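Examination of the molecular architecture
Take a look at the letters that make up each chain.
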Amino acid sequence: MVSLPSDYHTHTTYSCDAFDTIDAMCRHALAIGLREVAFTDHLDLHPMDSCTAFYRPADFLADLEVCRAAFPMLVLRAGVEIGEPHRYADRVAAMIDGRRYDVRIGSLHWVGDEMVFEDGYFARRSKDRAALDYFEEMLCMVRHGGFEILGHLDVFRRYGVMYYDDLDLAPYEEAIRAILQTCIAGGIAVEINTAGLRYPSKRLHPDLEVLRWYREMGGERLTVGSDAHRAEGMALGFDLAREMALAAGFTRLCRFENRQVCGWAAIT
Ligand SMILES: [Zn+2]
Ligand SMILES: [Zn+2]
């Protein structure tokens, strides 16, 4: 059985790069003992992104309602993972506002016209520039707001570890603390994203060290997400995420409904 009750970052066939339907995800969630799932399909608008123009909010929400009726034992949250929400605010609002979404993840996948999962981003940058360009853009994003959860705070390291000897975050503490402070002031939750375990970084994002900074600065709102792109990936590494959350001083996870904190789930 899973070691945490909720998975707040998952992708279904409403994402261009995911494989399982909401229904299939629900069946798997039940089988492994999850009690709450937020489906957070990609809303990407960068013109060079392979998922651009793929997302269909009305169909997603209608499908989710069918699954809510079919799986009353699960709490299903209508979520969305918005790529670079600060760059596409008007278009995002036109698609999302006025619809019944419970939670929005804000994620940074692109810095300018370079995706941080691709060679080009790293080939032209020193280690410091790769980190600082990413965190500077992320600070703009969290200052802009328009989402409840900051997705995978240091995800540039997912592949970045292949390009530099080490990608320790300590040298970038000041830049990261500025992001965390803005999150705390704006009520934005930070997530532990476990998908890195499947990628070259082989780690949770962010590190325990960053989570400790967040906690000592007064951060309370925490979610955990597998970033699963198929059913079997749900709750991946949640035992490690649970340990990390507790080690950083968190005893509960934040829950969202209608874009508001609606309660907490104890980490037991
Ligand atoms: Zn993402
Ligand atoms: Zn994702």
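It should be noted that the structure appears before, not after, this text.
Residues numbered from 1 in each chain as written. Chains lettered and ligands numbered in written order. Predicted model: local features only at pLDDT ≥ 70, side-chain atom pairs only at ≥ 80, totals over all residues. Heavy atoms only, no water.

A few words now on the overall build of the chain. In terms of helices and strands, the chain carries nine helices and 11 strands. Taking 2.2 N^0.38 as the reference for a compact globule, 268 residues should give roughly 18 Å; the C-alpha atoms of the chain span a radius of gyration of 17 Å, in line with that estimate. Across the 268 residues that make up the chain, the buried fraction comes to 56%. Split by element, the accessible area of the chain, about 10,700 Å² in all, is 49% carbon and sulfur. The chain carries 29 positive and 41 negative side-chain charges, and their two centres are separated by 4 Å. (Helix = DSSP H or I, 4+ residues; strand = E, 2+ residues; numbered from the N terminus. Rg over C-alpha atoms; globule rule 2.2 N^0.38 Å. Buried < 20%, exposed > 50% of the residue type's maximum accessible area, 1.4 Å probe, protein only. Areas by Shrake-Rupley, 256 points an atom, 1.4 Å probe, with all protein chains shown as cover. Lys, Arg positive; Asp, Glu negative; His and termini not counted. Charge placed at Lys NZ, Arg CZ, Asp CG, Glu CD.)

Here the zinc ion (ligand 1) is held by Glu 81 (OE), His 109 (NE2) and His 152 (NE2), and the distances to it run 2.1 to 2.2 Å. Each donor residue of the zinc ion (ligand 1) belongs to the same chain, with the gaps between them written as E-x27-H-x42-H. Between the zinc ion (ligand 1) and the zinc ion (ligand 2), a spacing of 3.5 Å is present, and a bridge between the two is formed by Glu 81. You can see Glu 81 sitting in strand β3 (residues 75-83) and its partner His 109 sitting in the loop between β4 (103-107) and β5 (110-111), a full 28 residues away along the chain. Pair check on accessibility: Glu 81 and His 109 agree, each one buried. (Donors = N, O, S within 2.8 Å, 3.2 Å for Na, K, Ca; no water.)

Another point: the coordination of the zinc ion (ligand 2). Of the protein atoms, only His 9 (NE2), His 11 (NE2), Glu 81 (OE) and Asp 227 (OD) coordinate the zinc ion (ligand 2), at distances of 2.1 to 2.2 Å. Counting residues between consecutive donors of the zinc ion (ligand 2) along the chain gives the motif H-x1-H-x69-E-x145-D.

A separate point is the packing of aromatic side chains. Summed over all chains, the structure comprises 13 aromatic pairs. Across from the ring centre of Phe 250, 5.3 Å away, lies the NZ or CZ of Arg 215, which sits over that ring. The ring of Phe 19 is capped by Arg 230, whose NZ or CZ atom sits 4.0 Å from the centre of that ring. (Phe/Tyr/Trp six-rings, centres within 6.5 Å; stacked < 30°, edge-to-face > 60°. Lys NZ or Arg CZ within 6 Å of the ring centre and 35° of its normal.)

This part covers the pairing of strand β11 (residues 260-266). Both strand β10 (residues 252-257) and β11 contribute to a ladder of six bridges, which runs antiparallel. Paired with Phe 256 across the strands is Val 261, a residue of β11. Between β10 and β11, which follow one another and run antiparallel, lie two residues, and Asn 258 among them has a positive phi close to 50°. (Pairing = 2+ DSSP bridges.)

Moving on: helix α1 (residues 22-32). When we look at burial in α1, the residues that qualify are Ile 22, Met 25, Cys 26, Ala 29 and Ile 32. Projected onto a plane normal to the axis of α1, the buried residues spread over an arc of 135° and lie on a single side. For α1, the exposed residues lying more than 90 degrees away from the buried face are Arg 27 and Ala 31. Tucked inside the fold, the buried residues of α1 contact β1 (6-10), β2 (36-43), α2 (57-70) and β3. One or two steps after α1, the chain reaches Gly 33, where phi turns positive at roughly 95°. (Arc of directions from axis to C-beta. Contact = heavy atoms within 4.5 Å.)

This next bit is on the sheet that holds β4. On the basis of which strands lie adjacent, the open sheet formed by seven strands has the order β1-β2-β3-β4-β7-β8-β9 and parallel pairing. The sheet is open, and its two borders are formed by β1 and β9 (222-225), each paired with just one other strand. Running over the sheet, α2 touches β2 and β3 and is turned about 160° from β3. (Axes fitted to C-alpha atoms, helices over the stretch in contact; angles between N-to-C directions.)

The next point concerns the packing of helix α7 (residues 173-186) against helix α8 (residues 208-216). Remark: α7 packs on α8, axes separated minimally by 10 Å, with the N-to-C direction vectors making an angle of 45°. Accordingly, the angle class assigned to the pair α7 and α8 is oblique. When the axes of α7 and α8 are compared, the crossing they make is right-handed. Taken together, the residues of α8 that come into contact with α7 (itself represented by Glu 173, Ile 176, Arg 177, Leu 180 and Ile 184) are Val 210, Trp 213, Tyr 214 and Glu 216. For the contact of α7 with α8, the class distribution of residues is six nonpolar, no polar and three charged. (Parallel < 35°, antiparallel > 145°, perpendicular 65-115°, else oblique. Left-handed = near helix turned anticlockwise from the far one by under 90°. Nonpolar A, V, L, I, M, F, W, Y, C, P; charged D, E, K, R; others polar.)

Time to look at the nonpolar core. Core analysis: the largest hydrophobic core is formed by 75 residues, its most contacted members being Phe 60, Tyr 134, Phe 135 and Leu 150. Residues in contact with Leu 150, not counting those within four places in the same chain, are Gly 106, Met 138, Met 141, Val 142, Ile 179, Cys 183, Ile 188, Ala 189, Val 190 and Glu 191. One finds Ala 38, Val 103, Ile 105 and Ala 189 within the second-largest nonpolar core, a separate group that totals eight residues. (Core = buried A, V, L, I, M, F, W, Y, C linked by side-chain atoms within 4.5 Å.)

This part takes up the pairing of β2. Among the eight residues that make up β2, eight are buried, leaving the element largely enclosed by the rest of the structure. What you see with β2 is no split at all: Glu 36, Ala 38, Thr 40 and His 42 on one side and Val 37, Phe 39, Asp 41 and Leu 43 on the other are buried throughout. Here three bridges tie β1 to β2, and the two strands are oriented parallel to one another. Directly across from Asp 7, in β2, lies its bridge partner Val 37. Bridge count between β2 and β3: eight bridges; the pairing is parallel. By the bridge assignment for β3, Glu 36 is matched with Val 75.

Everything listed here is a matter of geometry and, on its own, says nothing about what the molecule does.
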